Amino acid sequence: MLVRRQVRSATLWISEPPRTGTPLEIVRDRPVRSVVHADDTVDVHLADRRTRLRVTPGMAYAVHRCGVILG
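Just so we're clear, the structure is a prediction, and the values are computed from it rather than from any experiment.

Student: How should the sheet that holds strand β4 (residues 32-38) be read in this particular structure?
Tutor: Each strand in a sheet pairs with its neighbour through backbone hydrogen bonds, running either in the same direction (parallel) or in the opposite one (antiparallel). Taken together, the four strands give an open sheet; going across it, the order is β1-β2-β7-β4, and neighbouring strands pair in antiparallel fashion. With one partner strand each, in any of the chains shown, β1 (2-5) and β4 form the two edges of the open sheet. Direction aside, the axes of adjacent strands within the sheet are offset by 20° on average.

Next up, the structure:
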């Protein structure tokens, strides 16, 4: 996972090297104001002060991307 954070936004690039096909879940215990963009393979769930990303890997060597506005 690679995270590029700017003042009020962040972009995440996620890859699943073992290529098992098992969904990967990432939890951030800080609020996100909104989702700017997310690939079809990335589900973003915003709840209270917790942000949950669920990435469903597909093809080998695929990179999954999500951009958010931090809150």
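There's more to say after this.
Student: Explain the pairing of strand β7 (residues 63-70) to me, please; I cannot follow it from the model alone.
Tutor: In this structure, strand β2 (residues 9-15) lies alongside β7, joined through seven bridges in antiparallel fashion. Opposite W13, over in β7, you have R65 as the bridge partner. Two elements, β4 and β7, share five bridges in a ladder whose sense is antiparallel. Bridging from a neighbouring strand, A38 pairs with C66 of β7.

Student: Help me understand the environment of V32 in this model?
Tutor: In this structure, V32 sits in strand β4. Exposure remark for V32: the relative accessible area of 12% places this residue in the buried category. Sequence spacing of V32 and A47 is 15 residues, and the spatial spacing of their C-alpha atoms is 9.0 Å. Excluding residues within four positions of it along the chain, V32 makes contact with L46, T51, V68, I69 and G71.

Student: For this particular structure, what's the right way to read the pattern of salt bridges?
Tutor: In a structure, side chains of opposite charge can pair up when their charged atoms sit close to one another. Applying the stated rule across the entire model yields three salt bridges. The shortest N-O distance in the salt bridge between E25 and R54 comes to 3.8 Å. Remark: R54 occurs in strand β6 (residues 50-55) and E25 occurs in strand β3 (residues 24-28); sequence separation between them is 29 residues. Overall, the relative accessible area of 35% leaves R54 in the partly exposed class.

Rules behind the numbers
Residues numbered from 1 in each chain as written. Predicted model: local features only at pLDDT ≥ 70, side-chain atom pairs only at ≥ 80, totals over all residues. Heavy atoms only, no water. Pairing = 2+ DSSP bridges. Helix = DSSP H or I, 4+ residues; strand = E, 2+ residues; numbered from the N terminus. Axes fitted to C-alpha atoms, helices over the stretch in contact; angles between N-to-C directions. Buried < 20%, exposed > 50% of the residue type's maximum accessible area, 1.4 Å probe, protein only. Contact = heavy atoms within 4.5 Å. Salt bridge = Lys/Arg side-chain N within 4 Å of Asp/Glu carboxyl O.

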